Amino acid sequence: MRFRGNKQFASAVGLVLGLLCAVEAAKVNKHKPWIETTYHGIVTENDDKVLLDPPLIALDKDAPLRYAGEICGFRIHGQNVPFEAVVLDKSTGEGVIRAKDKLDCELQKEHTFTIQAYDCGEGPDGANMKKSHKATVHIQVNDINEYSPVFKEKSYKATVIEGKKYDSILKVEAVDADCSFQFSQICNYEIITPDVPFTVDKDGFIKNTEKLSYGKERMYKLTVTAYDCGKNRASEDVLVKISVKPTCKPSWQGFNKRIEYEPGTGSLALFPSMHLETCDEPITSIRANIELETNHIGKGCDRDTYSEKSLHKLCGASSGTVELLPAPSSSSNWTVGLPTDNGHDSDQVFEFNGTQAIKVPDGMVSTSLKEPFTISVWMRHGPGAHEKETILCNSDKTEMNRHHYSLYVHNCRLILLLRQDPSEAENYKPAEFHWKLDQACDKEWHHYVLNVEFPTVSLFVDGTTFEPFLVTEDYPLHASKIETQLTIGACWQGANARMAQFFRGNLAGLMIRSGKLENKKVIDCLYTCKEGLDVQLPEEVASAVKVEFNPNQSSLTVEGDDIDALDKVMQHISYLNSRQFPTPGIRHLRISTTVKCFNEEACVSVPDAEGYVMVLQPEEPKISLSGIDHFARSAAEFESQEGVTLFPELRIVSTITREVEADTESEAAEGADDDPTVQETVVSEEIMHNLDTCEVTVAGDELDGEHESLELDVSQLQQHGLEMSSSNLGLVVTGVNTMANYEQVLHLIRYKNWHTEALFDRKFKLVCSELNGRYISNDFKVEVNVIHTANPVEHANNAMVQPNFINPVHHASVDLSGHNLVNAHQASVVPSAATIVIVVCVSFLVFMIILGVFRIRAAHQRTMRDQENGKENEMDWDDSALTITVNPMETYKDQHSSEEEEEEEEESEDGEEEDDITSAESESSEDEEGGEPEDQQGASRQQQLEWDDSTLTY
């Protein structure tokens with residue numbers, strides 16, 4: 001038991017000793033490792049080693065005990081920390097922090113985390129290890145210059161005004177993706193384009209180094225680059241466009257200087273894209289005046305160039321008009337010596353240079369001053385002279401210098417003198433009417449109408465009424481039997497037999513007509529232009545803009561306070577020329593503008609805008625007259641009451657010719673390119689227009705009124721609204737009318753001759769014209785031959801069956817004058833019952849001559865055959881006198897007929913051919929003897945028409 005008790009005691013002691021040993025062992029790792037509380041580190045993007053301050057070292061007081069005094073590792077605490085801590089030396093506790101992966105400063109520039117050191121414990125298994133406190137680690141990632149600058153915009157644009165120097169035009173800006181201040185900052189910009197007047201500073205502001213000119217360069221293109229502070233250049237340079245805008249000047253913009261007008265196309269918009277540039281100035285109202293300058297065209301603008309007499313009729317004035325300055329013609333030739341406008345594109349204008357004047361033939365004007373009458377005239381007159389310049393004057397023809405009435409200009413005054421005829425009452429009466437007119441001296445064309453109804457006179461100038469500012473009185477003229485002389489351009493001094501008070505200027509359309517011209521519409525019609533300005537107001541701006549025209553529509557004014565509305569109105573202004581054949585040439589345009597602003601002192605000024613309308617040359621019509629140009633009629637028809645119609649089948653046609661370019665492809669296919677004779681295709685097109693004159697003149701001797709005349713039914717003329725004048729030179733039909741009506745009237749012109757014994761032919765010429773001679777037809781010449789007969793009674797009996805031979809226009813003419821058939825009874829062989837009238841045309845003449853030669857040869861061959869066969873019947877051809885002698889009683893056989901044919905058939909054939917041979921002989925003899933005197937022609941024809949039967953055998 002005692003042993004058992006000792007044994008238990010020993011176990012208890014062992015247990016205590018074990019526990020003591022364990023306690024001693026635990027006391028080996030007594031201390032925790034120690035590290036700094038804070039660390040700061042730096043690491044570069046392209047490196048994994050972190051430089052720490054202070055260095056990473058862990059200390060343990062248990063050193064140098066193995067395990068307990070050694071540092072086994074560092075533990076990093078934090079989420080997604082891209083670093084790791086590594087122990088370099090366990091005994092010294094030295095360690096490093098390094099990056100686990102490649103760092104990107106641009107993603108995260110700084111990292112913060114905590115770190116702990118732990119020892120190795122009490123043994124190799126690390127039991128009972130101890131940890132240090134947690135230290136804070138701050139690591140900054142250092143940047144490398146891995147990115148280049150990049151511009152924010154792909155390109156830059158700016159606009160500058162010329163003549164101005166800017167501090168800054170625009171700014172270019174580039175960015176760098178690097179995270180560091182050094183490498184992410186743009187330190188410099190540079191313009192690569194050489195020799196440009198621009199510079200850029202370090203902040204990217206571009207400015208010009210000199211004043212720019214719009215005329216020199218309208219746009220500059222610059223290439224700009226950037227550098228960061230690490231001297232990396234931009235990956236892509238940028239394009240900078242700088243537009244130079246002209247100095248903003250208020251003006252009209254967006255219209256063409258030259259505007260072409262094609263005749264016959266109606267109205268043409270002049271400013272379809274025009275707008276007013278005001279440079280953003282505050283404007284309260286705008287007034288624009290558009291002026292079409294046509295003073296150089298005709299009498300101030302484009303008008304119909306018909307005679308003034310025709311124009312009066314077209315405008316509705318009654319008849320009774322006398323034209324004192326007509327275009328020269330066969331019936332009115334007193335204006336031949338006056339110089340004109342040297343062309344027919346415009347009106348017929350006469351020039352008076354201060355030395356020229358004309359006398360109007362007696363009897364042209366029969367107006368009595370006691371009755372109302374009208375004087376109208378177109379006048380262009382320069383600065384007023386101190387002398388009187390006479391337009392129209394009626395004065396004593398001889399002995400005295402009294403002026404009965406006259407119209408003259410004196411010191412820019414238009415004066416009408418009216419001296420009353422002698423009367424019982426010798427009282428003062430109005431004698432001179434004075435109008436002071438600027439128009440009389442402005443060198444421009446104006447239309448004057450004076451309505452005279454004594455003792456009052458009213459004046460219209462371009463349709464506007466003017467009252468006389470002075471009226472003087474005088475006694476009536478003393479009684480006298482002296483005839484008067486009407487003159488134009490000066491006044492006739494009867495006592496001195498010379499002209500005085502010459503006019504210097506231009507006159508046209510001088511007319512005197514009986515009765516007053518009171519209708520204002522007629523007066524307006526006489527001077528209204530056929531060209532002018534027009535505008536169709538859009539509905540949306542009609543109420544916002546005011547538009548006014550001058551009387552002849554050569555000027556219009558547009559006024560408003562809305563710039564957009566005014567622009568729309570300007571875009572609808574058009575040019576219109578209603579003439580079928582307008583006068584070609586330039587019409588200048590001028591736009592003058594006045595603006596009003598809130599600040600009148602700083603109000604803008606809009607310069608005048610100028611351009612011109614070019615009226616192109618119209619396609620000129622070709623007036624062609626055609627018909628029968630050669631025919632013969634019996635003398636009885638010339639002497640009849642109706643006479644001979646000269647133009648029975650007259651045709652008037654007018655055409656225009658256009659050149660059309662040939663198809664180049666077809667030409668190439670046909671090889672036409674190699675043919676130099678190939679020309680452009682010409683296309684003719686018939687058109688319709690009016691005529692105003694047709695003149696028939698006689699060729700050769702003038703008409704002898706005692707035995708010949710040209711006649712035309714006056715009633716037919718009046719039905720067609722035409723007039724006629726005649727003289728010993730011919731006949732003139734005037735008036736504006738259609739070509740068809742002129743055709744009908746000209747068909748009725750007849751020629752009569754009461755003494756045709758010595759008349760063999762008469763020749764006439766017809767010429768028609770349009771627009772007072774601007775377009776003239778061809779000369780259509782007609783030759784009429786007189787057929788004389790030896791036996792008038794028999795001729796009269798046979799007149800109904802004899803045809804009237806005619807010669808069409810396209811055939812050559814032959815002079816058939818002097819056709820006179822000899823009496824057939826003088827030839828004993830010719831049957832007495834035959835009276836032959838021969839009228840031969842050129843085509844039959846050639847044919848019959850050939851037939852005669854053929855017959856002669858056939859007859860000669862037959863004679864030779866008869867002589868060889870010993871026949872007694874023969875026919876000798878005597879050609880010594882170069883005459884054809886034919887025996888109608890001889891029987892012939894045709895050259896191709898058989899000799900065995902019966903004699904009766906031969907005689908029948910010869911009988912049918914006798915007349916042909918006779919006709920051929922007559923034609924041949926007449927053609928050969930055409931140059932002989934008239935007294936020998938009859939004998940010659942008689943000799944050649946007689947039958948020579950000396951060689952005939954029966």
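Residues numbered from 1 in each chain as written. Predicted model: local features only at pLDDT ≥ 70, side-chain atom pairs only at ≥ 80, totals over all residues. Heavy atoms only, no water.

Draft legend 1. Spatial organisation of the overall build of the protein chain. When you go through the protein chain residue by residue, the secondary structure sums to 13 helices and 58 strands. Looking at the 954 residues of the protein chain, the share that counts as buried comes to 42%. Partitioning the contacts of the protein chain with sequence separation of at least 6, the portion at a separation of at least 24 is 71%. Accessible area for the protein chain stands at about 50,800 Å²; split by element, carbon and sulfur atoms hold 49% of it. (Helix = DSSP H or I, 4+ residues; strand = E, 2+ residues; numbered from the N terminus. Buried < 20%, exposed > 50% of the residue type's maximum accessible area, 1.4 Å probe, protein only. Contact = heavy atoms within 4.5 Å. Areas by Shrake-Rupley, 256 points an atom, 1.4 Å probe, with all protein chains shown as cover.)

Draft legend 2. Focus on a nonpolar patch on the surface. On the surface, W34, I57 and L59 cluster together into a nonpolar patch covering about 280 Å² of accessible area. Among the secondary structure elements, I57 is positioned in strand β3 (residues 56–57). (Patch = residues over 30% accessible without salt bridge, like charges linked within 9 Å, V, L, I, M, F, W, Y side chains within 5 Å. Salt bridge = Lys/Arg side-chain N within 4 Å of Asp/Glu carboxyl O.)

Draft legend 3. Fine view of the nonpolar core. Residues F647, I652, L710, I749 and L766 are the most contacted members of the largest nonpolar core, which totals 44 residues. Of all the secondary-structure elements, those providing two or more residues to this core are β45 (622–626), α6 (635–639), β48 (651–660), β50 (690–699), β53 (730–738), α9 (739–746), β55 (761–770) and β57 (780–787). The next biggest cluster of nonpolar side chains, apart from the first, holds 38 residues, and it includes W334, F373, L418 and C441. (Core = buried A, V, L, I, M, F, W, Y, C linked by side-chain atoms within 4.5 Å.)

Draft legend 4. Up close: unusual backbone geometry. Backbone torsion omega between D53 and P54 reads -5°, so that peptide bond is classified as cis. With respect to the element layout, P54 can be found in the loop between β2 (51–53) and β3. Residue P64 is bonded to the preceding A63 through a cis peptide linkage, with omega at 10°. Mapped onto the secondary structure, P64 falls in the loop between β3 and β4 (71–77). Not every positive phi belongs to a glycine, and Y67 is a case in point at roughly 70°.

Draft legend 5. How the structure looks around the environment of Q439. Position of Q439 among the secondary structure elements: in the loop between β30 (429–436) and β31 (445–453). For the pair Q439 and H381, spaced 58 residues apart in sequence, the C-alpha to C-alpha distance is 8.3 Å. Those residues within four positions of Q439 in sequence are excluded, and the remaining contacts are H446, Y448, V461 and F466.

Draft legend 6. Summary view of the state of the cysteines. Applying the stated criterion across every chain yields a total of 10 disulfides. Paired by a disulfide, C187 and C229 hold their sulfur atoms 1.7 Å apart. Residues C187 and C229 share a disulfide whose torsion about the S-S bond is about 85°; that sign makes it right-handed. Residue C187 is located in strand β13 (residues 186–191), and its partner C229 is located in the loop between β16 (219–228) and β17 (238–245); the two are separated by 42 residues in the primary sequence. A relative accessible area of 36% places C187 in the partly exposed class. A disulfide bridge connects C694 with C768, and the sulfur atoms are separated by 1.9 Å. Its torsion about the S-S bond being 110°, the disulfide of C694 and C768 is classed as right-handed. Placement of the pair is C694 in strand β50 and C768 in strand β55, with a sequence separation of 74 residues. (Disulfide = S-S within 2.5 Å.)

Draft legend 7. Examining the packing of aromatic side chains more closely. Scanning the model with the defined rule gives 12 aromatic pairs in all. Between the aromatic rings of F433 and W435, the centroid separation amounts to 6.5 Å while the plane-to-plane angle is 20°, which identifies the pairing as stacked. The burial state of F433 is the same as that of W435; both residues are buried. Members of the aromatic cluster, connected to one another through ring pairs, are F638, Y751 and F764. (Phe/Tyr/Trp six-rings, centres within 6.5 Å; stacked < 30°, edge-to-face > 60°.)

Draft legend 8. Examining α9 more closely. Buried residues of α9: M739, Y742, E743, V745 and L746, and no others. Across the axial projection of α9, the buried residues extend over an arc of 170°, all falling on one side. (Arc of directions from axis to C-beta.)

Draft legend 9. Up close: the layout of surface pockets. Taken as a whole, the largest pocket encloses approximately 950 Å³ of empty space. Taken together, 40 residues form the lining of the largest pocket, with S329, S332, T693, V732 and T734 sitting closest to its centre. Looking at the lining of the largest pocket, the elements that each hand over two or more residues are α3 (308–314), β23 (321–323), β50, α8 (714–719), β52 (723–727), β53 and β55. Here the lining of the largest pocket is composed, by residue class, of 15 nonpolar, 19 polar and 6 charged. (1 Å grid on protein atoms, 1.4 Å probe; cavity = no way out; pocket = protein on both sides within 12 Å on 5 of 7 lines; lining within 4 Å. Points joined across faces, edges and corners; volume = space filled by probe spheres on them. Nonpolar A, V, L, I, M, F, W, Y, C, P; charged D, E, K, R; others polar.)

Draft legend 10. Structural context of empty space enclosed by the protein. Counted by the stated rule, this structure contains 9 cavities of 30 Å³ or more. When its volume is computed, the second largest cavity comes out at roughly 100 Å³. Elements with a minimum of two residues in the lining of the second largest cavity: α3 and β38 (504–514). Across the lining of the second largest cavity, the residue classes break down as 7 nonpolar, 4 polar and 4 charged.

Draft legend 11. The sheet that holds strand β14 (residues 198–200), seen in detail. Strand order in the open sheet formed by 3 strands is β11-β15-β14, and the pairing between neighbours is antiparallel. Strands with a single pairing partner mark the edges of an open sheet, and in this sheet they are β11 (170–171) and β14. In this sheet, strand β15 (residues 205–208) lies alongside β14 in antiparallel orientation, the contact comprising 3 bridges. Following the sheet pairing, F198 is matched in β15 by N208. (Pairing = 2+ DSSP bridges.)

Draft legend 12. The pattern of salt bridges, seen in detail. Following the criterion strictly, the structure yields 25 salt bridges and no others. Residue D396 pairs with R402 through a salt bridge whose shortest N-O separation is 2.8 Å. D396 sits in the buried class, given a relative accessible area of 0%. One salt bridge in this structure joins R590 and D608, with 4.0 Å as the shortest N-O distance. Of this pair, R590 sits in strand β43 (residues 585–597) while D608 is found in the loop between β43 and β44 (609–615), placing the two residues 18 residues apart along the sequence. D608 sits in the partly exposed class, given a relative accessible area of 43%.

Draft legend 13. Quick peek at the sheet that holds strand β19 (residues 258–261). On the basis of which strands lie adjacent, the open sheet formed by 6 strands has the order β19-β44-β43-β22-β41-β40 and mixed pairing. Each edge of the open sheet carries a strand with a single partner, namely β19 and β40 (545–549). The sheet shows a mean angle of 20° between the axes of neighbouring strands, direction not considered. Pairing geometry for strand β22 (residues 283–293) and β43, over 10 bridges, is antiparallel. The residue of β43 that forms the bridge with S285 is K596. Where helix α5 (residues 563–571) meets the sheet, it contacts β22, β40, β41 (555–560) and β43, and its direction lies at approximately 160° from that of β41. (Axes fitted to C-alpha atoms, helices over the stretch in contact; angles between N-to-C directions.)

Draft legend 14. Region of the structure containing α5. Within α5, the full set of buried residues consists of A565, L566, D567, V569 and M570. A distance of 3.0 Å separates the backbone nitrogen of D564 from a side-chain oxygen at the start of α5, and that oxygen is part of D562. (Polar contact = N/O pair within 3.5 Å; in protein donor to acceptor, adjacent residues only side chain to side chain.)

Draft legend 15. Geometry of the pairing of strand β1 (residues 38–44). Of the two faces of β1, the one holding Y39, G41 and V43 is buried and the one holding T38, H40, I42 and T44 is not buried anywhere. As paired strands, β1 and strand β8 (residues 135–142) are joined by 7 bridges and run parallel to one another. Note that in β8 the partner of V43 across the bridge is V141. The pairing of β1 with β2 spans 3 bridges and is antiparallel. Looking at β2, one finds that I42 is bridged to L51. In sequence, β1 turns back onto β2 through a hairpin of 6 residues.

Draft legend 16. The arrangement of the confidence of the model for the protein chain in detail. Summary statistics for the protein chain give a mean pLDDT of 78 and a share of 77% for residues scoring 70 or more. Summarising per-element confidence for the protein chain, the mean pLDDT is lowest in strand β58 (residues 806–807) (36) and highest in β14 (95). Within the model, pLDDT remains below 50 along residues 1–5, and this stretch shows 0 contacts once partners closer than five positions in the same chain are excluded. Taken as a whole, residues 20–26 scores under 50 in pLDDT and shows 2 contacts with residues more than four places along the chain or in a different chain. (pLDDT = per-residue confidence, 0-100.)

Draft legend 17. Structural context of the side chain of H788. Take H788: it is sitting in the loop between β57 and α10 (792–798). For H788, a relative accessible area of 13% corresponds to the buried category. A polar contact of 3.3 Å, which involves the side chain of H788, links it to the backbone oxygen of T756. For H788, the side chain forms a polar contact with the main-chain oxygen of L759, separated by 2.5 Å.

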